Amino acid sequence: MSNPFLPLPLRLMRHTIIQPSRLIHLLFWFSVICGLAGCNVGPKYVRPVMPAPPAFKESGPQQAPDGTAWKLAQPQDAAIRGKWWEIYQEPELNALEDKLNISNQNIAQFYDNFLAARAQVRQARSSYYPTLSVGPSYSRNRSPQTQTTASNSNPNSNLFNLPFDVSWEPDLWGRVRNTVRQNANAAQVSAADLANVKLTEQTNLAIFYFQLCGQDALEELDRKTVEVDRQSLELTQVLYKSGLDNDEAVAQAEIALKSSEAAVTNAGIARAQYEHAIALLVGEPASNFSIPVKPLTTQVPGIPIGVPSELLERRPDISAAERTMAEANALIGVQKAAYYPTLSITGTAGFEASKFSKWLTSPSRYWSVGPTASETIFDGGLRKSTMAQYVALYNADVAGYEQTVLTAFQQTEDSLASLRLLNEQIQQQQQTVTSAQRFLDVASARYRTGLDPYLNVFTAQSTLLANQQVVITLRVQQMASSVQLIEALGGGWNVTQLPSEREVAAKRP
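Please read all numbers here as calculations on a predicted model, not as lab measurements.

> Break down the overall build of the chain for me, citing the residues and quoting the values.
Within the chain, the secondary structure is distributed over 11 helices and seven strands. Counting across all 509 residues of the chain, residues that qualify as buried make up 39%. Partitioning the intrachain contacts of the chain with sequence separation of at least 6 by distance along the chain shows that 83% fall at a separation of at least 24. Working note: accessible area of the chain is about 28100 Å², and carbon and sulfur atoms make up 57% of it.

> I'd like to hear about the packing of aromatic side chains, residue by residue, with values.
Throughout the structure, instances matching the rule amount to 10 aromatic pairs. Ring pairs connect the aromatic residues Tyr138, Phe160, Phe356 and Trp359, which therefore count as one cluster.

> How would you sum up the nonpolar core? Please name residues and give values.
If you look at the biggest cluster of nonpolar residues, it comprises 53 residues, and the most contacted ones within it are Trp84, Tyr88, Leu96, Phe210, Ile278 and Tyr401. Within the residue set of this core, elements represented by two or more residues are helix 3 (91-103), helix 5 (175-241), helix 6 (247-281), helix 7 (311-314), helix 8 (316-336), helix 9 (382-448) and helix 10 (454-488). The element best represented in this core is helix 5, accounting for 10 residues. The next biggest cluster of nonpolar side chains, apart from the first, holds 18 residues, and it includes Val226, Ala253, Leu440 and Val457.

> Residues and numbers for the pairing of strand 5 (residues 156-168), please.
When strand 3 (residues 131-134) meets strand 5, the two strands line up antiparallel, connected through four bridges. Directly across from valine 134, in strand 5, lies its bridge partner phenylalanine 164. Across six bridges, the pairing between strand 4 (residues 137-142) and strand 5 is antiparallel. Bridge pairing links asparagine 141 to serine 157 in strand 5.

> How would you sum up unusual backbone geometry? Please name residues and give values.
Backbone geometry places glutamine 89, a non-glycine residue, at a positive phi of 55°. Within the secondary structure layout, glutamine 89 lies in the loop between strand 2 (69-70) and helix 3. With relative accessibility at 69%, the residue glutamine 89 sits in the exposed group.

> How would you explain a nonpolar patch on the surface if you had to name every residue and give the values?
The grouping of Leu132, Val134, Phe164 and Val166 at the surface amounts to a nonpolar patch, some 360 Å² of accessible area in total. Mapped onto the elements of the fold, leucine 132 is located in strand 3.

> Please give an account of helix 3 that cites residues and values.
Compared with the 18 Å implied by 1.5 Å per residue over 13 residues, the 18 Å span of helix 3 between its first and last C-alpha is a close match. Along helix 3, the residues that are buried comprise Leu93, Asn94, Leu96, Glu97 and Leu100. All buried residues of helix 3 fall inside an arc of 165° around its axis, so they share one side. The exposed residues of helix 3 that point more than 90 degrees off its buried face are Pro91 and Ile102. Buried residues belonging to helix 3 abut helix 4 (105-125), helix 5 and helix 6.

> Go over the packing of helix 3 against helix 5, please, and point to the residues and values.
Closest axis-to-axis distance for the helix 3/helix 5 pair is 10 Å, and the angle between their directions is 150°. Judged by the inter-axis angle, helix 3 sits roughly antiparallel to helix 5. For the pair helix 3 and helix 5, the crossing hand works out as right-handed. The residues of helix 5 that touch helix 3, namely those facing Glu92, Leu93, Leu96, Glu97, Leu100 and Asn101, are Lys198, Glu201, Gln202, Leu205, Ala206, Tyr209 and Phe210.

> I'd like a rundown of the pattern of salt bridges, residues and numbers included.
A full pass over the atoms with the stated rule returns 18 salt bridges. For glutamate 90, the salt bridge is made with lysine 294, and the minimal N-O distance between the two is 3.3 Å. Taken together, the positions of glutamate 90 in the loop between strand 2 and helix 3 and lysine 294 in the loop between helix 6 and helix 7 put the pair 204 residues apart, joining distant regions of the chain. By relative accessible area, lysine 294 is classed as partly exposed at 30%. Two residues, aspartate 216 and arginine 271, come together in a salt bridge whose shortest N-O distance is 2.4 Å. In this pair, aspartate 216 is assigned in helix 5 and arginine 271 in helix 6, connecting sequence segments 55 residues apart. Grouping residues by exposure puts aspartate 216 and arginine 271 together as buried. Through salt bridges with shared partners, one network takes in Glu227, Arg230, Lys258 and Glu261.

> Any chance you could break down the side chain of aspartate 222 for me, citing the residues and the numbers?
Structurally, aspartate 222 is set in helix 5. Despite its burial, aspartate 222 pairs with no opposite charge; the closest candidate is arginine 223, at 8.3 Å N-O.

> How would you explain the packing of helix 4 against helix 5 if you had to name every residue and give the values?
Running from amino to carboxyl end, helix 4 crosses helix 5 at an angle of 170°, the nearest separation of the two axes being 8 Å. The angle between the axes of helix 4 and helix 5 places the two elements in the roughly antiparallel class. Its residues assigned to classes, the contact of helix 4 with helix 5 shows 15 nonpolar, six polar and five charged.

> How would you summarise helix 9 if you had to cite specific residues and measurements?
Compared with the 99 Å implied by 1.5 Å per residue over 67 residues, the 93 Å span of helix 9 between its first and last C-alpha is a close match. Following helix 9 by one or two positions, glycine 450 adopts a phi angle in the positive range, close to 80°.

> Describe the confidence of the model for the chain, and please don't skip the residues or the numbers.
Any segment with low pLDDT has predicted coordinates that should not be analysed in fine detail. When the pLDDT values of the chain are averaged, the result is 84; 86% of them are 70 or greater. Scored below 50 in pLDDT, residues 22-29 shows two contacts in the model against residues more than four places distant or in partner chains. In the predicted structure, residues 73-77 sits below a pLDDT of 50 and forms five contacts with residues beyond four places in sequence or in another chain.

> Describe the side chain of aspartate 216, and please don't skip the residues or the numbers.
Owing to a relative accessible area of 2%, aspartate 216 belongs among the buried residues under this scheme. If near-sequence neighbours (up to four positions away) are discounted, aspartate 216 is found in contact with Arg271, Pro292, Val293, Lys294 and Pro295.

> Break down the environment of arginine 383 for me, with residues and values.
Looking at the secondary structure, you find arginine 383 in helix 9. The class for arginine 383 is buried, based on a relative accessible area of 13%. Residues within four places of arginine 383 in sequence aside, it is in contact with Gln335, Ala338, Tyr339, Glu375 and Thr376.

> Give a detailed account of the environment of alanine 117, specifying residues and quantitative values.
Secondary-structure assignment places alanine 117 in helix 4. Sequence-wise, alanine 117 and serine 190 are 73 residues apart; in three dimensions their C-alpha atoms are separated by 6.9 Å. Contact partners of alanine 117, with chain neighbours within four places excluded, come to Asn183, Ala186, Ala187 and Ser190.

Here is what the cut-offs are and how they apply
Residues numbered from 1 in each chain as written. Predicted model: local features only at pLDDT ≥ 70, side-chain atom pairs only at ≥ 80, totals over all residues. Heavy atoms only, no water. Helix = DSSP H or I, 4+ residues; strand = E, 2+ residues; numbered from the N terminus. Buried < 20%, exposed > 50% of the residue type's maximum accessible area, 1.4 Å probe, protein only. Contact = heavy atoms within 4.5 Å. Areas by Shrake-Rupley, 256 points an atom, 1.4 Å probe, with all protein chains shown as cover. Phe/Tyr/Trp six-rings, centres within 6.5 Å; stacked < 30°, edge-to-face > 60°. Core = buried A, V, L, I, M, F, W, Y, C linked by side-chain atoms within 4.5 Å. Pairing = 2+ DSSP bridges. Patch = residues over 30% accessible without salt bridge, like charges linked within 9 Å, V, L, I, M, F, W, Y side chains within 5 Å. Salt bridge = Lys/Arg side-chain N within 4 Å of Asp/Glu carboxyl O. Expected span 1.5 Å × (residues − 1). Arc of directions from axis to C-beta. Axes fitted to C-alpha atoms, helices over the stretch in contact; angles between N-to-C directions. Parallel < 35°, antiparallel > 145°, perpendicular 65-115°, else oblique. Left-handed = near helix turned anticlockwise from the far one by under 90°. Lys, Arg positive; Asp, Glu negative; His and termini not counted. Nonpolar A, V, L, I, M, F, W, Y, C, P; charged D, E, K, R; others polar. pLDDT = per-residue confidence, 0-100.

As structure tokens, then:
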């Protein structure tokens, strides 16, 4: 029999628990709620199909700078994997890249952003479970003397309370599931962004390294030119003193020498700047960092390029754009669930007594439990406009994804075209250097025999130096283009390295 002194809701609940038929009804409705919790009113995500050309336009055979035939690796060749910079066989570059992966602060920043995104997934998953809270309290009250009776002459009273509150909102329409999915997709975007910034910093380091080596080669060339110009000046001074030449030739020889010395200094300025840039990338103060002198001698290796469709799986920025679409799709599901009613189940249980000795005893316990349903009847078009906003954002992300893919095709073709044309230009320029060297040899011989003035030698030396500098500059551009090609191909990254939705929700990375 129910206790007549209990409040009406508690009496009803206790009566429900006692009778088996009511218990069956309760279990039935609980099963209905669990079944509805499996519903998901959000749209199913389907990755857009992006057509890709069958092959790169610029993937034909090439010629090496020395005239020997070489060819970019074909799709069946081994793809670039892992430490792609090792393809250049530069130990100094390998050591710098390894240090960059550990100490680069941009990478560290994006890594922490990824950890924060993972934490947000766990935050969203907490909505699957009920919330339990406890709030013990104690109060001492004094009643007016006019309210005291003979049986209760003490106006002072105590109240000890230990309530436990529980609340749970079943995920009837997939709002929580889509929120979790949206945060998981956002974490995957963050992981792809981390991979992309890592690839960017690695390629920047490789480019700066080859540019620094190019400056070393230019400085070496300028130093050799200084030595040649010094010998020419000494010869001109001897001829002037012997009366075989005039003071004008001496002045021209001095100008050539001073210009070469200034060029050496200028090359040192650029080298210092590249060295400082590399120090920043590897996370070291520029004041404590140095790289030994090493003129550029590296040749462009064969680079496996595959087919255009593989870029969709090999570039982290494309994966980030694709996961951004999935995130926007999940947000549509979150908003669509707002059209349906919500159900929340709340309950309270605890102990309440006026005396501490009776506080945690069985007669002092109390409890209540019950569901609450709510549905928005009128919101002035808020849900409809919000849904339109999320749909438009999804369509914008689709356009962004397609633009990212097209940009990847463009960057790859640009790098391939650059390598092909630089190849041809280097060969042409080397032929020019050969002709300039012959011009200098003839001019020097005629000057020594007194047939021509020193001005011809001065002009020939300047022509040879300018063309030799162009060859070195083109070689640096060629190495930079090869690095940019590897970056355009995604480096050694692959979409299989992207963590799954379950992995980004794990407590440990």
